[in-house]
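Descriptive analysis of the structure
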Amino acid sequence: MKRNTSVPGFDSKEFANKFHYAGQDLGARPSRTATSFRVWAPTARSVELLLFRTGHRPETPRVVPMAPGAKGTWTATVKGDLRNRYYRYRLVHPGQAAPVEAVDPYAVATGANGERAMILDLRTTDPAGWARDVKPPFGDPVDAVVYELHVRDFTIHPSAGSRFPGTYLGVAERGTKGPGGVRTGVDHLRELGITHVHLLPVADYGGVDETKSGRSYNWGYNPENYNVPEGSYATDPCDGRVRVREFKRMVQGLHRAGLRVVLDVVYNHTYRGGDSHFHRLVPGYYHRQNAAGGFSNGSGCGNEVASDRSMVRKMMLDSLVYWATEYHVDGFRFDLMGLHDLETMRRIRRAMDRIDPSILLYGEGWTGGDSPLPADRRAMKTNVARLPRVAAFNDTIRDAIKGPVSEHHQGGFVQGAPGFEERLKTGIAASVRHPQIAYPAGDLWNGPWAKQPHHCVSYDSCHDNHALWDKLALTTKGLKNADRLAMNRLAAAIVLTSQGIAFLHAGEEMARSKKGHENTYNLPDSVNAMDWRRKEKYAGLVAYYRGLIALRKAHPAFRLKTATDIRRGLAFLNMPAPGMVGYILQSPAGGNLFAVVFNATARRRTVKLPAAGWRVLVDGRKAGVKTLRRLPGDSCAVVPSSALVLAKT
Ligand code: CA
């Protein structure tokens, strides 16, 4: 059957009025006796359903014509039990000589490499006990200590001792041990005390042949099928059910271990542009166009997705709701969130609140290039104050702590480089306005861009750019390991005592190295894998991170909930020298009074405190909730490259 219609411009109200399909029945809905299909393709002249017996083997499909339905959708109902069969759509577009084929954007599973969608009864994929799966308790976003992890990196190294290396099952595997008997994998995360495991993209991506396990590597920022788990992390990428079931077992296992799960989601661009499933279904609709009519490249990856168009927005909302409900996911990290429009992000927050208000939302508050989306509508860091309970990464504190990511040989505060003190202070205060900070005039990016501490993710490193340990090595030629370890401990102390949401790059607690490589998105396991031998080698550093996390979790003062509390409870101290930052901290709700002092200079410094009677909880070597020693008098000595956290008795 054919549709013949004139089509208004994709950004026009007329188009949305005529073609916005609000139904919740897009995709394939199977039963034992029949399966119904609905796909949105308003500009197609005709659409056919292609049915396959297998997920990726060559075969001649059964062809079923689809009928035009409401609002530019096409439908078909096929009798019989089609469960576990596979399908694609074939479309003819006006002015295109040859038909094109595409995978359903609402596919929930696929065969190998995501080329055919699977007709799946999702209830058959639930692991035992799934209905009783319970999220670990969690309160305010600033209570989170997030740990950013790549599924494969976590367990692929032999030292991880995993029975399921590099897979979803490996992520939640209990009882694994590494060299020296150290706990590895999820047992390590429990020991460390983090609250959220943030997984680099786990939705189906291109760039790794799923049928050739381990031959290639990718971080996963190559999105192909948004509602399908990536197949290369499943024990069988060919049977679409396996990746779904194993993903659920991973979430279930992490929840049982007391950890919440955040997914890194990449709705801002697609791996392929003109060849993407979106473009084959509705040419030009899902992506933004530049002035010349081609793909706009605000992502730096060749194209950008038009979140502000109504059916794209719906696709994003439906997809996120699906992950949050079907997979019990507890949070989302938005890649290049600056390419998403503010209205879409507000609607995402509201949709998540209807499921679970404690779902964590944060993202990269920047773009990867210029975009036709007007600057005042972008979910940028400097606009995030207009998004309640959506956070942005604080690149200001990241770069202030250990030097700008763009200048590889430039150090930051912890290496003793001058001039980072005020930027460090903005980050300590979660980038909410604070009366004691001298903000650089006219510089929104390093100014008080957060309205509340929940807007701000504090960190010193992540998967992008150099690992913290490698950055320290690059910027401190001639120094000893012991000096770098001191700087690493100082960096950790800054992140884990700062206000806002705390975020750690997996392995930084064991001086993870990516052998000096900066962009490792497609480099082999030999560079990217977490080497658990380092947990034994750097046991002191691991213990220091563990102690800092325990301190943060024990005292609400390090997790103040409002900007007002930060302005009332955090007062910066005068320091005796540049290269030092210190403050007094107390929760307005009560609890201990704390003094925090960072000395990044090469000399021991004495700092005058406003009162006497302090206990040391953190110094340059040890961190935790127990008293290490008591200080006489009202001053403290701080050794070079170290942090001091004191509590008043
Ligand atoms: Ca894939």
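Residues numbered from 1 in each chain as written. Predicted model: local features only at pLDDT ≥ 70, side-chain atom pairs only at ≥ 80, totals over all residues. Heavy atoms only, no water.

1. Considering the domain arrangement of the protein chain
Taken domain by domain, the protein chain consists of domain 1 (13-125) and domain 2 (571-648). Here the C-alpha centroids of domain 1 and domain 2 sit 62 Å apart. (Domains from an automatic or database assignment.)

2. Some points on the side chain of Glu 148
Relative to the assigned elements, Glu 148 resides in strand β10 (residues 145-149). For Glu 148, which is buried and forms no salt bridge, the nearest opposite charge comes from Arg 333, at a distance of 5.0 Å. Within the structure, the side chain of Glu 148 is placed 2.6 Å from the side chain of His 463, a separation counted as a polar contact. Residue contacts for Glu 148: discarding those within four places in its chain leaves His 198, Leu 200, Cys 462, His 463, Phe 503, Leu 504, His 505 and Ala 506. (Helix = DSSP H or I, 4+ residues; strand = E, 2+ residues; numbered from the N terminus. Buried < 20%, exposed > 50% of the residue type's maximum accessible area, 1.4 Å probe, protein only. Lys, Arg positive; Asp, Glu negative; His and termini not counted. Salt bridge = Lys/Arg side-chain N within 4 Å of Asp/Glu carboxyl O. Polar contact = N/O pair within 3.5 Å; in protein donor to acceptor, adjacent residues only side chain to side chain. Contact = heavy atoms within 4.5 Å.)

3. Remarks on the coordination of the calcium ion
The calcium ion binds to the protein through Asp 204 (OD), Tyr 205 (O), Glu 210 (OE) and Glu 230 (OE); the donor distances cover 2.2 to 2.4 Å. All donors to the calcium ion come from one chain, and their sequence spacing reads D-Y-x4-E-x19-E. Highlighted residues: Glu 210 in the loop between β12 (203-205) and β13 (223-229) and Glu 230 in the loop between β13 and α5 (240-256), separated in sequence by 20 residues. In terms of burial, Glu 210 and Glu 230 fall into one category: buried. (Donors = N, O, S within 2.8 Å, 3.2 Å for Na, K, Ca; no water.)

4. Details of the side chain of Ser 232
Turning to its location among the elements, Ser 232 is positioned in the loop between β13 and α5. Separated by 2.6 Å, the side chains of Ser 232 and Glu 230 make a polar contact. Setting aside residues no more than four positions away along its own chain, Ser 232 makes contact with Tyr 205, Val 208 and Glu 210.

5. Here we look at the packing of aromatic side chains
Under the counting rule described, the total for this entry stands at 31 aromatic pairs. Measuring from centroid to centroid gives 5.8 Å for Tyr 226 and Phe 278, while their planes differ by 15°, and the two rings are stacked. Here the residue Tyr 226 occupies a position in strand β13, and Phe 278 occupies one in helix α6 (residues 277-281), the gap between them amounting to 52 residues. Geometrically, the ring pair formed by Phe 393 and Phe 503 is edge-to-face, given 5.1 Å between the ring centres and 90° between the ring planes. With Phe 393 in strand β17 (residues 391-393) and Phe 503 in strand β19 (residues 501-505), this residue pair connects regions lying 110 residues apart in the sequence. Looking at Phe 503, the relative accessible area reads 0%, which means it is buried. Taken together through their ring pairs, the aromatic side chains of Phe 10, Phe 15, Phe 19, Trp 40, Tyr 226, Tyr 267, Phe 278, Tyr 285 and Tyr 286 make up a single cluster. Sitting above the plane of the Tyr 327 ring, Lys 248 keeps its charged end 5.8 Å from the centroid. (Phe/Tyr/Trp six-rings, centres within 6.5 Å; stacked < 30°, edge-to-face > 60°. Lys NZ or Arg CZ within 6 Å of the ring centre and 35° of its normal.)

6. Let's talk about the environment of Val 384
You can see Val 384 is positioned in the loop between β16 (360-363) and β17. Val 384 sits 237 residues away from Arg 621 along the chain, and the two C-alpha atoms are 37 Å apart. Filtering out sequence-adjacent residues up to four positions away, Val 384 remains in contact with Met 337, Val 390, Ala 391, Ala 392, Trp 449 and His 455.

7. Describing the sheet that holds strand β25 (residues 629-631)
One open sheet holds the 6 strands; their spatial order is β20-β21-β22-β27-β24-β25, and the pairing between them is antiparallel. With one partner strand each, in any of the chains shown, β20 (570-572) and β25 form the two edges of the open sheet. The sheet shows a mean angle of 30° between the axes of neighbouring strands, taken without regard to direction. In terms of strand pairing, strand β24 (residues 614-618) meets β25 through 3 bridges, oriented antiparallel. Bridging from a neighbouring strand, Val 616 pairs with Arg 629 of β25. Its contacts with the sheet put helix α10 (residues 421-428) on β20, β21 (580-587) and β22 (590-599), and the angle it makes with β21 is roughly 20°. The strands touched by helix α12 (residues 481-497) within the sheet are β21, β22 and β27 (642-648), with β22 carrying the most contacts at an inclination of about 150°. (Pairing = 2+ DSSP bridges. Axes fitted to C-alpha atoms, helices over the stretch in contact; angles between N-to-C directions.)

8. Some details on unusual backbone geometry
In the Ramachandran plot, Ser 431 falls in the positive-phi region, its phi being about 60° despite a non-glycine side chain. Its location among the elements puts Ser 431 in the loop between α10 and β18 (456-458). Despite not being glycine, Lys 515 shows a phi value in the positive range, around 55°. Tracing the backbone shows Lys 515 in the loop between β19 and α13 (525-528).

9. Observations regarding the pairing of strand β14 (residues 260-265)
By the criterion of burial, β14 is predominantly enclosed, with 6 of the 6 residues buried. Of the two faces of β14, both are covered, the one formed by Arg 260, Val 262 and Asp 264 as well as the one formed by Val 261, Leu 263 and Val 265. Bridge count between strand β11 (residues 196-199) and β14: 4 bridges; the pairing is parallel. If you follow Leu 199 over to β14, its bridge partner there is Leu 263.

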